[in-house]
Amino acid sequence: YLLQSNLSSTNERMNVGMKFISHRITLACRRMQLLHTSSVLNVNIVFIEKGIERSVKAIRGDTLLETAKDSKINLPGVCGGMCECSTCHVIADAPTFNLLPEAEEEELDTLDSALGLTDTSRLACQIDISRDLEGARFTVPDSFSDVR
């Protein structure tokens, strides 16, 4: 009975895990479809990486980190967007920075560990894409630190 019980709970865990993975894949596919088909939901964002500007489409409601990852921008986001590391540190240009809501205390604390911190530094995981960010410009630092 004990062996059968353990197998049953292992199978249940595997089923839950597979459902989770399937759900994540479905969401990723939907996001990619929206990114390429829905101009109503798209916002143009500029990333500057190693001096090279790249204009990308972002989906309103996503975070800047999700946009960067979808666009193959080098923002590690090691903590998965939980505001626990500074590996998604970006530098907003002044006009963009003025459009952003004020950073919360948790983000400011996390930013303290970022390399190359500036007055317009933010964490990409804490920036929600909105219509107001049309044409926003963010510089990606050349190096990152993760001191969790």
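The present account deals with the structure reproduced in this document. (Residues numbered from 1 in each chain as written. Predicted model: local features only at pLDDT ≥ 70, side-chain atom pairs only at ≥ 80, totals over all residues. Heavy atoms only, no water.)

## Things to note about unusual backbone geometry
Then step 1. Backbone geometry places Lys-50, a non-glycine residue, at a positive phi of 55°.
Then step 2. Looking at the element boundaries, Lys-50 is found in the loop between strand E1 (42-49) and strand E2 (52-59).
Then step 3. A relative accessible area of 64% places Lys-50 in the exposed class.
Then step 4. Even without a glycine there, the phi angle at Lys-72 is positive, about 60°.
Then step 5. Along the polypeptide, Lys-72 turns up in the loop between helix H2 (64-70) and strand E3 (89-92).
Then step 6. A relative accessible area of 69% places Lys-72 in the exposed class. (Helix = DSSP H or I, 4+ residues; strand = E, 2+ residues; numbered from the N terminus. Buried < 20%, exposed > 50% of the residue type's maximum accessible area, 1.4 Å probe, protein only.)

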